[in-house]
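Residue strings, one per chain:
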Amino acid sequence: MLGRRLFRASSLRPILAPAQNAAVVRRASLAIVNGMIWGSQQRATALAVVGERIAAIGTDNDVRSLVDGATRIVNSRGGTIVPAFNDSHIHFLMGSRSLDELDLSGAETVAEIERRIAEHAARRPRGWLIGRGWPYAAFPGGMPTLDILDRLVPDRPAYLESFDTHTAWVNTSALTASRVETGTQPGILKEGAMDDFERHLPKRTRDEDLDAIRAGMRLAASKGIASIQEASRGFDQVPLYATLHERGELTLRVRLAFDMGPGHPMDAWSRRLELYSEAARPPSDNWISTGIVKAFADGVVESKTASMIEPYAGMAAADAGALGAPLWERGELAEAIRIAGNQGWQVEVHAIGDRAIRDALDGFAASEPGRRPRIEHIEAPAESDIARFARLGVIASMQPQHAEPTRNLLEVWVPNLGHERAARGFPWASILKSGGRLAFGTDWPVVPLDPLASLYVAVNRQTFSGQPPGGWLPHQRLSLEHAVAAWTSGAAYAEHRELQKGALKIGMLADIAVLDRDLLRTPASEIASIKVEATAVGGRLVYES
Ligand SMILES: [Zn+2]
């Protein structure tokens, strides 16, 4: 339901709420002034918040009449006031845990990776050495080797995930400790092998996880993020967030996706869904929600596990693994989607290769429409499948930072697909143009938790140093307005919450970010350097620079 209306947005004249008496009209608990309200046709400069919702939008003068001594006032100093960001696809617990682990992200050479490992090993001389973020392109042949890690960490187990979380690089000590053997590429664990290995990793305590999430929430608040949509293993996380909620510590709205995996009889899947419904009942407010299941249809292009219609470049159809590694039997995914839909669940499917994307679309086409199905990533769809997103009402959940034309993209991703298929890479503008809906996110910790970096890549399709000139596949560049919409209203739509959040309107939740400059006048090349000045979630200020 919408909250109290104090202003009619069209006229910007204050109107009193239908209250029994004047004393009932409450004063603003928070006022954000001297800025530009994003999406306002009337050039509004300020808004006022009563409780957890937006109560007024207007000029500074309009809003000041609602302010008293107890009102928190944020001066935007001419910056842009936007709906807070909503990260549609994130691995927040994993990212939060990684904040105190070895960070290899952004390291482009073997030498740099070795330097960071050695430094971290010296700083933390005991126990497992755990880290993440290495790019495939840093290594000759696109994969690291056992030898390097054994040399750097000879005396204790080491476990290092690739930036995309789909491959693990381990040393001999870790293999001995777990009694796991690797195959043709010693020290490399892909996909399922990596999942099997994970149970040998040291377990985190509940208190450690709560602390990690607290640190993650502080980071998110500093980036203007008020909502996240956790993309995997959400079932186990409900108690963690419920605990933080009970203690009044949540500064982030969370939607948790539960896992949907292949290889089970369909009646077992149906029972699993019933268990999900019973066991995971989050509080019925706007802080924690569930109601969605997530499947992986394939892996990633970099390790040639994305599921493709035609063989990977340089391979023949008869070669083992030439078409990647689809994770479901033909027809099985569609059946699991149909059952989940019938039991009232929204479904999201990780699909990167054109075959996987088509399988997911086919699955959604064969199920009950109207539950806002989503496909995650959509890196290399077939041309003929682009328009199906709009036709089937499938939300395209994409993460622009994955298309940053780094060495990883240009030297591993593109050559693995070959130039013709690579030319269909990350087609967010084509999907939008054909009438499809976009929801953006980061996929943190795969890429940095940084919505403005994401907006920069969505708009420029360049690295942060402006390469290549004009952008990679520049016809897929988005306008800033569309990119911001995908990060706010589009993301809210993707979780059935567009009436509550994702826009600055009277009655909506006061989830707001203040940016340090006028977004519409910022040159596209400078978007990534925009800073968040303040973040409010539910009317509560959770970050100020
Ligand atoms: Zn992901």
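As the structure is a computational prediction, the values presented were derived from the model and not from experiment.

1. Notes on the pairing of strand E4 (residues 53–58)
For E4, a buried count of six out of six residues is recorded, marking the element as mostly surrounded by other parts of the structure. Of the pairings in the sheet, the one linking strand E3 (residues 46–50) to E4 comprises five bridges and is antiparallel in character. From the neighbouring strand, Ala-48 faces E4, where its bridge partner is Ala-56.

2. Let's talk about the packing of helix H9 (residues 266–279) against helix H10 (residues 332–342)
It is at 10 Å that the axes of H9 and H10 come closest, and there the two elements cross at 35°. As H9 packs across H10, the resulting crossing turns out to be right-handed. Of H10, the residues touching H9 (which contributes Met-266, Trp-269, Ser-270 and Leu-273) are Glu-332, Glu-335, Ala-336, Ile-339 and Ala-340.

3. Things to note about unusual backbone geometry
The omega torsion of the bond from Trp-444 to Pro-445 falls at 10°, within 30 degrees of zero and hence cis. Here Pro-445 is to be found in the loop between strand E19 (438–440) and helix H16 (451–460). Put simply, Gln-467 and Pro-468 share a cis peptide bond, and its omega is -15°. Looking at where Pro-468 falls in the secondary structure, it is placed in the loop between H16 and helix H17 (480–487). Phi is positive for Leu-473, close to 50°, though the residue is something other than glycine. Examined against the element boundaries, Leu-473 turns out to sit in the loop between H16 and H17.

4. A word on the side chain of Gln-462
Note on placement: Gln-462 falls in the loop between H16 and H17. Note on Gln-462: relative accessible area 12%, which makes it buried. From its side chain, Gln-462 meets the backbone oxygen of Pro-468 in a polar contact 3.0 Å long. If we ignore the near neighbours within four places in the chain, the residues touching Gln-462 are Glu-404, Pro-405, Tyr-456, Val-457, Gln-467, Pro-468, Pro-469, Gly-470 and Gly-471.

5. Comments concerning the packing of aromatic side chains
As enumerated under the stated definition, the model contains 19 aromatic pairs in all. Each ring, one from Phe-258 and one from Tyr-276, has its centre 4.9 Å from the other, and the planes form 70°; the classification is edge-to-face. Of the two residues, Phe-258 is situated in strand E14 (residues 253–259) and Tyr-276 in helix H9; the sequence distance between them amounts to 18 residues. We classify Phe-258 as buried; its relative accessible area is 0%. Ring geometry for Phe-258 against Trp-345: centres 5.9 Å apart, planes inclined by 50°, an arrangement best described as tilted. Here Phe-258, found in strand E14, pairs with Trp-345, found in the loop between H10 and strand E16 (346–351); they are 87 residues apart in sequence, far enough to count as distant. Just as Phe-258 is buried, Trp-345 falls in that class too. Taken together, the aromatic side chains of Trp-134, Tyr-136, Phe-139, Phe-163 and Trp-169 make up a single cluster linked through ring pairs. The aromatic ring of Trp-287 is capped on one face by Arg-253, whose charged end is 4.4 Å from the ring centroid.

Conventions used here
Residues numbered from 1 in each chain as written. Predicted model: local features only at pLDDT ≥ 70, side-chain atom pairs only at ≥ 80, totals over all residues. Heavy atoms only, no water. Buried < 20%, exposed > 50% of the residue type's maximum accessible area, 1.4 Å probe, protein only. Helix = DSSP H or I, 4+ residues; strand = E, 2+ residues; numbered from the N terminus. Pairing = 2+ DSSP bridges. Axes fitted to C-alpha atoms, helices over the stretch in contact; angles between N-to-C directions. Left-handed = near helix turned anticlockwise from the far one by under 90°. Contact = heavy atoms within 4.5 Å. Polar contact = N/O pair within 3.5 Å; in protein donor to acceptor, adjacent residues only side chain to side chain. Phe/Tyr/Trp six-rings, centres within 6.5 Å; stacked < 30°, edge-to-face > 60°. Lys NZ or Arg CZ within 6 Å of the ring centre and 35° of its normal.

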